[in-house]
Amino acid sequence: QGKAVAVISARLVLPGTDDPAAIRGRMNEYGARRRERQPLELPSAGSYFMRPPGGYAGSLIEGCGLKGYRVGGAEVSRKHANFIVNVGGATAADVLAVAEHVRRTVRDRCGVDLQPEVRVLGEG
């Protein structure tokens, strides 16, 4: 085992600085794009599946016609297919059932095995 090292101070040099107004403008633009494309108005676990090589999980899910697929209160978002949203009273079992159906459908129809970004803890 190696020795423990404590860093007492550090000096960071950042490449090129930008005008604060320009940075604020980009932040506002990114935030608007995110609000437009993602279902931020409903509770969710965020982007559910990792991006598969050569494509996007959301596009594959949407291509399989799964937007709006629902179990209990959990639903594939109609706004962005890689989000499983709680439309009211969703349980963990509902979310897992939707995720498994999506994963199985995409695998069977597209030959892509989507991997979850979400880590599930405890009993299902």
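One structure accompanies this document, and this report is about it. Computed from a predicted model, the values in this text were never measured in an experiment.

Thoughts on the layout of surface pockets
Here comes step 1: Quantified by volume, the largest pocket comes out at close to 200 Å³.
Here comes step 2: Lining of the largest pocket is provided by 15 residues; of these, Tyr-56, Ala-57, Gly-58, His-80 and Asn-82 occupy positions nearest its centre.
Here comes step 3: Looking at which element gives the most residues to the lining of the largest pocket, the answer is helix H2 (residues 57-63), with 4 residues.
Here comes step 4: Looking at the lining of the largest pocket residue by residue, the classes come out as 5 nonpolar, 5 polar and 5 charged.

So, the pattern of salt bridges
Here comes step 1: Inspection of every chain in the model, using the stated rule, returns 8 salt bridges.
Here comes step 2: With its nearest N and O atoms 3.1 Å apart, the salt bridge here joins Arg-33 to Glu-29. Of this pair, Arg-33 and Glu-29 both sit in helix H1 (residues 20-37), 4 residues apart, which is roughly one turn of the helix.
Here comes step 3: Accessibility expressed as a relative area gives 33% for Arg-33, which makes it partly exposed.
Here comes step 4: The closest approach of N and O atoms between Arg-103 and Asp-113, which form a salt bridge, is 3.1 Å. Of the two residues, Arg-103 sits in helix H3 (residues 92-110) while Asp-113 sits in the segment after H3, which places them 10 residues apart along the sequence.
Here comes step 5: Asp-113 sits in the partly exposed class, given a relative accessible area of 37%.

Examining the side chain of Asn-82
Here comes step 1: With respect to the helices and strands, the residue Asn-82 is situated in the loop between strand E3 (74-76) and strand E4 (83-86).
Here comes step 2: Beyond its immediate chain neighbours, meaning those up to four positions away, Asn-82 contacts Gly-46, Ser-47, Tyr-48, Phe-49, Ala-57, Gly-58 and Ile-61.

Considerations on the nonpolar core
Here comes step 1: If you look at the biggest cluster of nonpolar residues, it comprises 15 residues, and the most contacted ones within it are Phe-49, Ile-61, Val-102 and Leu-114.
Here comes step 2: Listing elements by their share of this core, those giving two or more residues are H2, E3 and H3.
Here comes step 3: Sorting elements by how many residues they give to this core places H3 first, with 4 residues.
Here comes step 4: Other than its neighbours up to four places away in sequence, Leu-114 contacts Phe-49, Pro-52, Ala-57, Leu-60, Ile-61, Val-102, Arg-103 and Val-106.

Quick look at the sheet that holds E4
Here comes step 1: One open sheet accounts for 4 strands, arranged E1-E4-E3-E2; its pairing is antiparallel. Edge positions in the sheet fall to strand E1 (44-47) and strand E2 (70-71), since each has one partner strand and no second.
Here comes step 2: Pairing of E3 with E4, which is carried by 3 bridges, proceeds in the antiparallel orientation. The residue of E4 that forms the bridge with Ala-74 is Asn-86.

About the criteria used
Just so you know, the residues in each chain are numbered from 1, in the order the chain's sequence is written. Under the rules for a predicted model, residues below a pLDDT of 70 receive no local features and side-chain atom pairs below 80 are neither given nor counted, while totals for whole chains, interfaces and linings still include all residues. Here the side-chain values reflect all heavy atoms present in the structure, with hydrogen atoms and water set aside. Here the term cavity refers to a set of points on a 1 Å grid, laid over the protein atoms alone, in which a 1.4 Å probe fits but cannot get out; the term pocket refers to an open set having protein on both sides within 12 Å along at least five of seven lines, with lining residues being those that place an atom within 4 Å of a point. Grid points are joined across faces, edges and corners, and a volume is the space filled by probe spheres set on the points. Strands here mean DSSP runs of E at least two residues long; helices mean DSSP runs of H or I at least four residues long; both are numbered from the N terminus. Gly counts as polar in this scheme, as do all residues outside two lists: the nonpolar Ala, Val, Leu, Ile, Met, Phe, Trp, Tyr, Cys and Pro, and the charged Asp, Glu, Lys and Arg. Basic side-chain nitrogens of Lys or Arg form a salt bridge, by our definition, when they fall within 4 Å of a carboxyl oxygen of Asp or Glu. Partly exposed describes any residue whose relative accessible area lies between the buried limit of under 20% and the exposed limit of over 50%, with all areas from a 1.4 Å probe on protein chains only and scaled to the type maximum. In this description, contact between two residues means that some pair of their heavy atoms is separated by no more than 4.5 Å. Only buried Ala, Val, Leu, Ile, Met, Phe, Trp, Tyr and Cys residues count toward a nonpolar core, and they belong to the same one when joined by side-chain atoms within 4.5 Å. Two strands qualify as a pair provided that DSSP identifies no fewer than 2 bridges between them.

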